[in-house]
Amino acid sequence: MAKKKYYVVWKGKETGVFSSWDVTKKLVQGFDGALYKSFGDKVEAEKAFKKKFSDYKGKSTKKPVLSATEKASYGLPIKQSLTVDAACSGNPGKMEYRGVLNHNLQEVFKKGPYNNGTNNIGEFLALVHGIALLKKKGLLKLPIYSDSKIAMSWVKKKQCRTNVVFDASNNDLLQLIHRAEKWLKENSYQNPILKWETKAWGEIPADFGRK
């Protein structure tokens, strides 16, 4: 049996959330510049309709579904830990990032927004900010969770490998990146950098709630 899908039409003969592809097709076919996307969850589709198509362009909207056995195989996240995340309105766009403790959801830092950034840059800066903060506080073994494999790999390589073009509009962001890279090259750390398994545990606590 095929899974139920919901269709968001941002631009078409009629806009809204629809549960039938046949209906949706009539609204977008032949309409110049139609903007639409399918979702596997009604709640997510309704959230998306309140936002912009650009927030979802090129992104997967299929909600992963795990069995109880599959979820159990991931175990549970370490409660005493720091979680980091970023949000960006566009690519590039206004970017901000923050760190939130997992056990009590306390926000320990928040930076931005910065112009002409990306989510990957934000995730990278959030990780480095978190590592440096924990070292300063002497919390050398506290794990840090990120849901970004790209940011984790950049931290490991001690380099932010972004393709963003920097100019006067986002020079402050470039300086932050240079500062983070310099810190990684001049400092060591012991904190485990762990992957937050969103499909098993839900959104990371540091998430900005704008998906």
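Structural data are supplied above this passage.
Residues numbered from 1 in each chain as written. Predicted model: local features only at pLDDT ≥ 70, side-chain atom pairs only at ≥ 80, totals over all residues. Heavy atoms only, no water.

### As for the pattern of salt bridges
- In the structure shown here, the tally under the stated rule is 3 salt bridges.
- Note that Glu44 is salt-bridged to Lys47, the shortest N-O span being 3.6 Å. In this pair, Glu44 and Lys47 both sit in helix H2 (residues 42–49), 3 residues apart, roughly one turn of the helix.
- Classification of Lys47 by relative accessible area gives partly exposed; the value is 39%.
- A salt bridge links Glu186 to Lys182; the shortest N-O distance between them is 3.0 Å. Of the two residues, Glu186 and Lys182 are both situated in helix H6 (residues 171–186); the distance of 4 residues between them amounts to about one turn of the helix. (Salt bridge = Lys/Arg side-chain N within 4 Å of Asp/Glu carboxyl O. Helix = DSSP H or I, 4+ residues; strand = E, 2+ residues; numbered from the N terminus. Buried < 20%, exposed > 50% of the residue type's maximum accessible area, 1.4 Å probe, protein only.)

### A closer look at the sheet that holds strand E2 (residues 16–18)
- With antiparallel pairing, 3 strands are arranged side by side in an open sheet as E2-E1-E3. Each of the sheet's edge strands pairs with one partner strand only, and the pair in question is E2 and strand E3 (35–39). Sheet twist, expressed as the average angle between the axes of neighbouring strands with direction ignored, equals 20°.
- Here strand E1 (residues 6–11) pairs with E3 via 5 bridges, running antiparallel. Paired with Lys11 across the two strands is Leu35, which belongs to E3.
- The strands touched by helix H1 (residues 21–28) are E1, E2 and E3; relative to E1, the strand with the most contacts, the crossing angle is about 15°.
- This element, H2, spans E1, E2 and E3 of the sheet and lies at about 5° to E1. (Pairing = 2+ DSSP bridges. Axes fitted to C-alpha atoms, helices over the stretch in contact; angles between N-to-C directions. Contact = heavy atoms within 4.5 Å.)

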